[in-house]
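Observations on the three-dimensional arrangement
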Amino acid sequence: MRTLHPFPGGVHPPEHKLESNSRPIGSAPLPSLLVVPLLQHIGNPAKPVVEAGEKVLKGQLIGKADGYISVSVHAPTSGKVLAVEPRPVPHPSGLPALCVVIEADGEERWVERSPIDYLNLDVSEVRNRLRDMGLAGLGGAVFPTYVKLNPAPDAAIPILVLNGCECEPWITCDDRLMRERAPSIIEGARIMRHLLGAREVIVAIEDNKPEAIAAMGEACRDTDFELVVVPTLYPSGSGKQLTQLLTGREVPSGGRSTDVGVQIFNVGTAHALERAVHHGEPLISRVVTVTGNVRRPQNFEALIGTPLAELVKLTGEPREDTTGYIMGGPMMGFDLHSTAVPVVKAMNCVIARSDRLFPPPPPPLPCIRCTRCAQVCPVRLQPQDLYWFAHARDFGKAQEHNLFDCIECGCCAYVCPSHIPLVDYYRFAKSEIWAREREKKAADRARERHQFHLFRLEREKKERAEKLAQKAAAAKATAAMPNPDADAKRAAIQAAIERAKAKRAGVVPRNVEALSPDKLQEIQEIEARRAKLREVMEKSGEDQA
Ligand code: SF4
Ligand code: SF4
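Residues numbered from 1 in each chain as written. Chains lettered and ligands numbered in written order. Predicted model: local features only at pLDDT ≥ 70, side-chain atom pairs only at ≥ 80, totals over all residues. Heavy atoms only, no water.

As for the pairing of strand S17 (residues 349–354)
- In terms of burial, S17 is a largely internal element, five of the six residues being buried.
- Judged from the four bridges that link them, strand S13 (residues 285–292) and S17 form a sheet pairing that is parallel. Paired with Thr291 across the bridge in S17 is Ile351.
- Bridging between strand S15 (residues 322–327) and S17 involves five bridges; their strand directions are antiparallel. Bridging across to S17, Tyr325 finds its partner in Ala352. (Buried < 20%, exposed > 50% of the residue type's maximum accessible area, 1.4 Å probe, protein only. Helix = DSSP H or I, 4+ residues; strand = E, 2+ residues; numbered from the N terminus. Pairing = 2+ DSSP bridges.)

Right, here's the structure in full:
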């Protein structure tokens, strides 16, 4: 029998499970219109691959995975694409997002389905097929399943945990799924183990689900899987807390369970994986708990894209005093802004609100430093300090005090006698820090670009100066080099001048004997002038040479 290693803190809120877990999973009828968001998982939205007017078949690809952290999206039924446009989606921001709107033709005609022969295929090929079939975690975090099945090469994952704790109040979809479809879940876990190469498989279920424990125990009978019943304590189903509870390994600050060799999958994800591998069905439906202020709370298997209003109608018309709807549990869920939003992969539960079930909180009072919040924090944080830092916008200090280790479980706010909405402060602080980091990164990138621009200008200037200097040096070197052709030319000119001189020196006046002395005198003077002239001419010729 496995020794459990209790985590610190935790709370026991009223469970409210019986309201919805006593009826079997119902099948939600096909709606006339389905609105399928292209972002239903953590990561990049899928890229639409259909246009308005196109006919689609059930299970046909309508949005293709974009990047590593992304999965594909499929048509939940056959029909016609009416639009690819922003529509209201279930998100805390209340902002619309891009959706494929499909008008159902009522025929439910499937695309050709091809099961995955996972034992005879390369593991990476199987993972890629799971990405293309739109598998994402159904516990609420909707992390792409194929990424979780692809640990880093140096990170061995010896332990696979199948999470059937479902610790949040009101939610019972996993409970009913385990009771009704245990063999499929266990087969999904067997496939996961093969893909991960895990040695051990632990199936963890809280002790407030005896029927689910019995059904899963029966399904595990011929396996070496270990079924571990854990005490009911919120938030035992949270990844880090469950890892510690089952293995005694504490996930380091800022780390994940895989850092200590544990990978955790929700039981709903294992069921969806079995459907994908053995039946070739992409993820186009899920089980949703519809409970709270409704007449007949129940779990329904609903197509992704089914409008919330139609789902709620299945439990009888909402009661008159309904004030709104929560998606998820009351501890970690968020208020929905409209009943026009569709069922998405993350929607494990919808709770109709009323003042009777969820009385509005009294106005917050000042913190009295009672430290009750610290006593229940499962991460050993000091929630009252984090609150002060967030309140004073001292985000650096909040980070120093491990704000990002907060799993937003809400235990601290649940016990606070001053009714301070502590988790809202932590979410605000986290979003401010993310926004500032985004801004800082953008500013750093702009500065780097500017500095590189200056560096490039300086480099080009230097390169130009170097080229000019090289050219000048080359010209000087060329001038200094001996030039035999020029020397030979100069020598030939000098020789010609010398020959002309010699020739002139040899010229004697002829037939001058009979001339008078005056004429001779005149001739001598002419000869003297010519000699002078010749001398000048020769000098100038020498200078030119
Ligand atoms: S429980 Fe509330 S009042 Fe008490 S220390 Fe924490 S924040 Fe302050
Ligand atoms: S919400 Fe955060 S600070 Fe509060 S108890 Fe949970 S982990 Fe601790």
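Some details on helix H7 (residues 267–279)
- For H7, built from 13 residues, the straight-helix expectation of 18 Å at 1.5 Å per residue is met to within 8% by its first-to-last C-alpha distance of 18 Å.
- When you tally the buried positions in H7, you get 10 out of 13 residues, the bulk of the element.
- Restricting attention to buried positions, one finds in H7 the residues Val267, Gly268, Thr269, Ala270, His271, Ala272, Leu273, Glu274, Ala276 and Val277.
- In the core, the buried residues of H7 are packed alongside helix H2 (123–132), helix H3 (145–148), strand S9 (159–164), helix H4 (173–196), helix H5 (210–219) and strand S12 (262–266).
- The residue sitting at the N-terminus of H7 and contributing the capping side-chain oxygen is Asn266; that oxygen lies 2.7 Å from the backbone nitrogen of Gly268.
- Phi turns positive one or two residues past the end of H7, at Gly280, with a value near 65°. (Expected span 1.5 Å × (residues − 1). Contact = heavy atoms within 4.5 Å. Polar contact = N/O pair within 3.5 Å; in protein donor to acceptor, adjacent residues only side chain to side chain.)

Describing the site of ligand 1
- As a matter of local geometry, ligand 1 sits amid Cys367, Ile368, Arg369, Cys370, Thr371, Cys373, Gln384, Cys416, Pro417, Ser418 and Leu422.
- Taken together, the residues of the shell around ligand 1 sort by class into seven nonpolar, three polar and one charged. (Near = heavy atom within 4 Å. Nonpolar A, V, L, I, M, F, W, Y, C, P; charged D, E, K, R; others polar.)

A few points about the layout of surface pockets
- Looking at the second largest pocket, its volume works out to about 1,100 Å³.
- Together, 31 residues line the second largest pocket, and Pro330, Arg353, Pro361, Ala413 and Tyr414 are the ones closest to its centre.
- At four residues, the largest contribution of residues to the lining of the second largest pocket is made by helix H13 (residues 422–480).
- Tallied by class, the residues present in the lining of the second largest pocket amount to 22 nonpolar, five polar and four charged. (1 Å grid on protein atoms, 1.4 Å probe; cavity = no way out; pocket = protein on both sides within 12 Å on 5 of 7 lines; lining within 4 Å. Points joined across faces, edges and corners; volume = space filled by probe spheres on them.)

Re the sheet that holds strand S5 (residues 61–64)
- The three strands are arranged S3-S5-S6 in an open sheet whose pairing can be described as antiparallel. Looking along the sheet, the strands with just one partner apiece sit at the ends: strand S3 (47–48) and strand S6 (73–74).
- Judged from the two bridges that link them, S3 and S5 form a sheet pairing that is antiparallel. Following the sheet pairing, Lys47 is matched in S5 by Lys64.

A few points about the site of ligand 2
- Within the structure, ligand 2 sits among 13 residues, and Cys377, Cys406, Cys409, Gly410 and Cys412 are positioned closest to it.
- Residue assignment for the shell around ligand 2 shows that the elements contributing at least two residues are helix H12 (411–415) and H13.

Observations concerning the pairing of strand S8 (residues 96–104)
- In the sheet, strand S2 (residues 33–37) pairs with S8 via five bridges, with the strands oriented antiparallel. Opposite Leu33, over in S8, you have Glu103 as the bridge partner.

Focus: the packing of aromatic side chains
- In the structure shown here, the tally under the stated rule is seven aromatic pairs.
- Their ring planes at 50° and their centres at 5.5 Å tell us that Phe404 and Trp434 sit as a pair that is tilted. Here Trp434 lies in helix H13 and Phe404 lies in the loop between helix H11 (395–400) and H12, a separation of 30 residues in the sequence.
- Look at Trp434 and you get partly exposed, because its relative accessible area is 44%.
- Here a set of aromatic residues connected by ring pairs shows up, and it is made of Tyr387, Trp388 and Tyr425. (Phe/Tyr/Trp six-rings, centres within 6.5 Å; stacked < 30°, edge-to-face > 60°.)

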